[in-house]
Amino acid sequence: MLDHELINRTLSTALETGGEFAEVFAEDKRSSSAVFDDGRVEELTSGRDRGAGIRVVVGETTGFAHTADLSETGLANAARAAAAAARGGGRRTRSVAVSPIDVDRGPGARIPPEDVAKATKVGLLTLANEAARGEGAAISQVSARYGDSRRRILVANSDGVLAEDDQIRTLFSVSCVAAGDTGLQTGRESTGRTIGFELFDETDVEEMGRSAANRALTKLGARPAPSGAMPVVVGPGGGGVLFHEACGHGLEADLVAKSASVFAGRVGETVASPMVTLIDDGTMAGEWGHFTIDDEGRPAAHNVLIRDGVLTDYMWDHLRARKEGRPSSGNGRRQSYQHLPMVRMTNTYISNGSDEPADIIASTQSGVYVAQLGGGQVNTATGDFVFGMTEAYLIENGEITEPIREGNLIGNGPEVLTRIDALGNDFAMGSPGTCGKDGQGVPVGDGTPTLRVTSLTVGGTAA
Amino acid sequence: MTDLLDIATRVAGWAKDGEQVEAFVVHERETEVRAYEGEVESLTSAESQGIGVRVISDGKQGYAYAGTLDHDALEETLREARDNAGFAETDEFNGVASPDGVATANLELYREGLVSFPTDDKVALAIELERATRATDPRIAGIESAEYIDSLYESAVATSTGIASVTRETGCYLAAYALAEENGETQTGFGFSIGREPSDLDPSVAAQDAADRATRLLGSIKPPTERLTVVLDPWVTAQLLGIVGHTLTGDAVLKGRSLFAERMGEEVAAGAITLVDDATNPAAFTASMVDGEGLAIRSTPLISDGILSGFLHNSYSGRRSGTASTGSAARGGFKSAPGVGAHALALQPGDRQPSDLIAEIDDGFLVQGVAGLHSGVNPVSGDFSTGAEGLRIRNGELAEPIREVTIASTLQRLLQDVVAIGNDTEWLPMNAAGVTLVIADVTMSGA
C-alpha cells in the first residue's frame, strides 16, 4: 500500500521532536451493503475509505493525527502534527528501517466480494424475505441486510515492524416484525464470518428468514418476563455475550492499569468456577473477530485468560505491554485509521464442559432459559453488567415451557463467574457482534456451550 | 479549503436527464485531549472529509460514499451510486428533497472563539479537569478518563432539484469519569460541561458532577424486588426521550415498526406530557439550521397534553404519508443515506423543583444512571427493561444508594404513568434535553 522508503521517511519525520516510538497505520477499506425492506430492495450502498493514522509516543503522552492524503506531503504533515502533539523530547534525527514480519496468513477468502455480481447479492435478500413471509400471515414486516467489506491494512513502526493484512468480512441478517392481538414483536437472525462470499455455501438464507420469523411469532404469545434473582440457563453460543461483559472487558489491560477493573491485581487468584476456562483467540480462522495481524502489526494469538477458574493473564496492546516490559498479546485494535488503537477482544469463548445440555435443563427446578442474547454493557470498575435476552423461556419443573418477553438481565461479573454450576458439552460460536468501547466499534466473536448461573437478576415486570 | 457547497453543487449538476442526484459533503476538524495523572495521555488532532452521493433513477435509489474530496473520487462516487441504483427496486415515493419555501432560522452556531483557541489551552483545560475531579473529594481514588473534545463541522447539501444549503457549527465539551473508593468498594460517576466555544465550559462543574455521582453510590446495596415510583434524573430522561423519538419517525410508522403508528389524535401519554422536536432552539447542543437533506430545521409538536399530534418526516416519509417533510432528515455521517430522526427533543417542563417532587414520594427510586438501553428496550414492541443505579427515596428524602437492579415496564405504560415533570430542563450532549421525570408503578427487579 505504501513504499518502504516512504514509510521510513515518514517515521523519521514523526520522530523529529524526540518521540520514543512512532507508528504509521495505513488502511484502504471498501464496503458494500444492500438492504431489503418493506417488500422491496430498498437501496445499495458502497464506499471507500483510505488514509493513514500516525502515532508518536513520548513518555506517557501519545500524539495522534490522521490524513486521507497518502502522498509524501500528506504523510509528512500528519507525522509532524502527531509529533507536535507529543512534543517534549527535543529535536533529533533518527533513521528508521522497517522490514516485513513473517506471519501465517491462513487460507484467506475464497471468493472476494468484488468478484460477485451485485445482482447475486441482492438475490439473497429476496430469498430471505420470501421465506420469512411464508411462515405466516402474522409476519407484517421483513428487512434483510447483506454487507461485505475488504480492509487492507499496513502497520509500520519505529521498532522496525512492517506488517500487512487483508481482511474480508461478510455479513447477513434478517429482522422480522409479527403483529398480533398483543401488539408487535420482533425476531432477528444474523451470521457473519471473516470470509468472502463462500459464506453462502454454508449459510441458508431462507432458513435464516424462517428462523427470524419464528422468533417474532413465538413472542406474540410471550408472557411478561419474571422479575428478581433466579437460576438462568443460557443456550449454546449465546453465553459468549455474558462472558464478554461479565469479565472480558475487565481483563483489558488499559482498564486494569487505571484500576478501573474489578479484576485488577487478581492474576493467579481463583476468579471463577473451576469449570471455567476463558480464551480470547484472534487466530480462529473465519470467525467474526479473526485477523492475521492486529492493528498494531502484532500477529493474532490464542490467549488463555482464565484456566480452570484461575485468572492467568489480561489482554494487552502495544502501549500497555511496553510499560510492563512484556509482549503485546495481539489485542491492539482500532475502528479505522482515524482512531487510536486500544486493548480489544477478538473471539472470546468458554471451552466445553462435560454436562449434557438436556441434563442441565432437567436439573433446573425453575428459572429462565435464554436461547438468544442481544447486546450488553458493563461497568468494569464495579463489575455490574447487563445483557439482553431476545429469545427466552421459562423453565418450570425441569422443562422449558412458555416464551417470555424481552428484557435485560443484570449481575455482577466476579459474582456471576463463581456461580456457574453447570457447563455443557455442546460448544457453539454465537452471532457476530460489534463491540463498542470509547466510541469505537470493532467486530468480535464469542462462544460458549450451554451453561447455568445459579442466580442472576431477570429484569422483567412479572412477580 | 475548497468551498464545500461548490463541490456539492458541481456533483449534483452532473445529474442526467430523468435522474435526481443529491451530494452531501462534510469537512470536520476535531481535537481530543485526554489527561491522566497530570499529563497528556493522548492528543489527537483530526481532520476528515468525505462525500455521500444519492442517485434516484426510475424510482430506484442508490448510494455511495468516499472519505476524500479528490476530483476523481467525486466522479467515481457518483458513478457507483448510479450503478447501485440500477439494482434496487422501484418505489414511487423515492426522491431527494426539493426547496419547500420554509425559511432557515438564523442561529449563531459557529464561534471564532473555538477556532482561534490554542492547543495549549485545550491541554490546560483537560489537565485542569482531571486535577479538579481528583481534588473534589478524598474518596476520588482515580480517573478513568478526563477529556476535552472539540469539533469544527461544516457540511453542504446540494441536489439536482435546487437544494443548496450549508451549515457550519462549532462545539466542545469536557467529560470526566471518576472512580470513588471506600472500604474496598469502587463506584463510578461521570460529569460534563458542554458549549459552542471553550469559554462556555466550566471544568469545576464537570468535576463536581463526576465526583458526586460516584461518591453518592458508595455503600450501595442490591434491594429486593418491588414496584415503586421512579424519578428519572435529566440524564436518564433524555435517553428515554431519544427512544420515544425513534418510535415517532415516519419511517418506523410507515413500515409498521412503531407502536404509535395507528394512534394519531389519541391519548398516548399522561396529560402533563408535551413533547416537541425543535432544533431551532439555540440552547440545544444539537441545534441546527438545516436537516440532512438541506431543508430548514423547524419545530414539530409530537405529543400535546398527552395527545399524539405529530410524526417526524424526511422528504421520503413525508411524501409517502401524503404530508411533507418536517425537516427531520437525519444523517449518521456521509456513509449512509439520510433517514428520519429527532434533532432536539424537549418535554415542556413543569413548574416545580426536583427536590419538591421527591419530597412527596414515600417509597421511590431516584435513577441516576441506566445501562443496556440498547439491549433491553425494544422500540417496536415497547418492552422496556434497563439496568439502573441511584438512590432510594424514603418518606420524601433521599436514602441509601442502590445498584445492580433493573427497572422495567413498557414504553406505552411509562408515558401514561408519568405523574410529574420537574422545572430543571437541561441540554445534554445528545438529541434530547433532560428534565426530572416522576413515573409511578415501575418494577424494580433486584435480589
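Residues numbered from 1 in each chain as written. Chains lettered and ligands numbered in written order. Predicted model: local features only at pLDDT ≥ 70, side-chain atom pairs only at ≥ 80, totals over all residues.

A. The overall build of chain B, seen in detail. Across its full length, chain B holds 11 helices and 20 strands. The globule rule puts the C-alpha radius of gyration for 447 residues at 22 Å, and the 23 Å found for chain B is close to it. Judged by the C-alpha coordinates and their principal axes, chain B covers about 70 × 55 × 35 Å. For chain B, buried positions account for 57% of its 447 residues. By sequence separation, contacts in chain B at least 24 residues apart represent 71% of the contacts at least 6 residues apart. (Helix = DSSP H or I, 4+ residues; strand = E, 2+ residues; numbered from the N terminus. Rg over C-alpha atoms; globule rule 2.2 N^0.38 Å. Buried ≥ 20, exposed ≤ 12 C-beta atoms within 10 Å, placed from the backbone. Contact = placed C-beta atoms within 7 Å.)

B. How the structure looks around the overall build of chain A. Each helix and strand in chain A was counted, giving 10 helices and 23 strands. Since a compact globule built from 463 residues should have a radius of gyration of about 23 Å, the 24 Å found for chain A is in line with a globular shape. Its C-alpha atoms put chain A at 75 × 55 × 35 Å along the principal axes. The buried share of chain A, reckoned over its 463 residues, is 61%. Looking at chain A alone, contacts between residues at least 24 apart form 75% of all its contacts between residues at least 6 apart.

C. Molecular detail of helix H6 (residues 239-248) of chain A. Counting buried positions over the 10 residues of H6(A) gives 10, a clear majority of the element. All of the buried residues in H6(A) are A:Gly239, A:Gly240, A:Val241, A:Leu242, A:Phe243, A:His244, A:Glu245, A:Ala246, A:Cys247 and A:Gly248.

D. Fine view of the pairing of strand S20 (residues 437-445) of chain B. All names here are of chain B. In terms of burial, S20 is largely enclosed, as 7 of its 9 residues are buried. One ladder, built from 6 bridges, connects strand S7 (residues 226-232) with S20; its direction is antiparallel. When the sheet's bridge partners are listed, Leu232 is paired in S20 with Leu437. Pairing between strand S16 (residues 397-410) and S20: 3 bridges, direction antiparallel. Residue pairing across strands places Thr406 opposite Ser445, the latter belonging to S20. In terms of strand pairing, strand S17 (residues 418-421) meets S20 through 3 bridges, oriented antiparallel. Residue pairing in the sheet places Val418 in a bridge with Ile439 of S20. (Pairing = 2+ DSSP bridges.)

E. Structural detail: the packing of helix H1 (residues 4-14) of chain A against helix H2 (residues 72-85) of chain A. Residues and elements named next belong to chain A. Contact geometry of H1 with H2 gives a least axis separation of 8 Å together with a crossing angle of 25°. Looking at the two axes, H1 sits roughly parallel to H2. Taken as a pair, H1 and H2 cross one another with a handedness that is right-handed. Residues Leu6, Thr10, Thr13 and Ala14 of H1 form the contact with H2, whose own contacting residues are Glu72, Leu75, Ala76, Ala79, Arg80, Ala82 and Ala83. For the contact of H1 with H2, a count of residues per class yields 7 nonpolar, 2 polar and 2 charged. (Axes fitted to C-alpha atoms, helices over the stretch in contact; angles between N-to-C directions. Parallel < 35°, antiparallel > 145°, perpendicular 65-115°, else oblique. Left-handed = near helix turned anticlockwise from the far one by under 90°. Nonpolar A, V, L, I, M, F, W, Y, C, P; charged D, E, K, R; others polar.)

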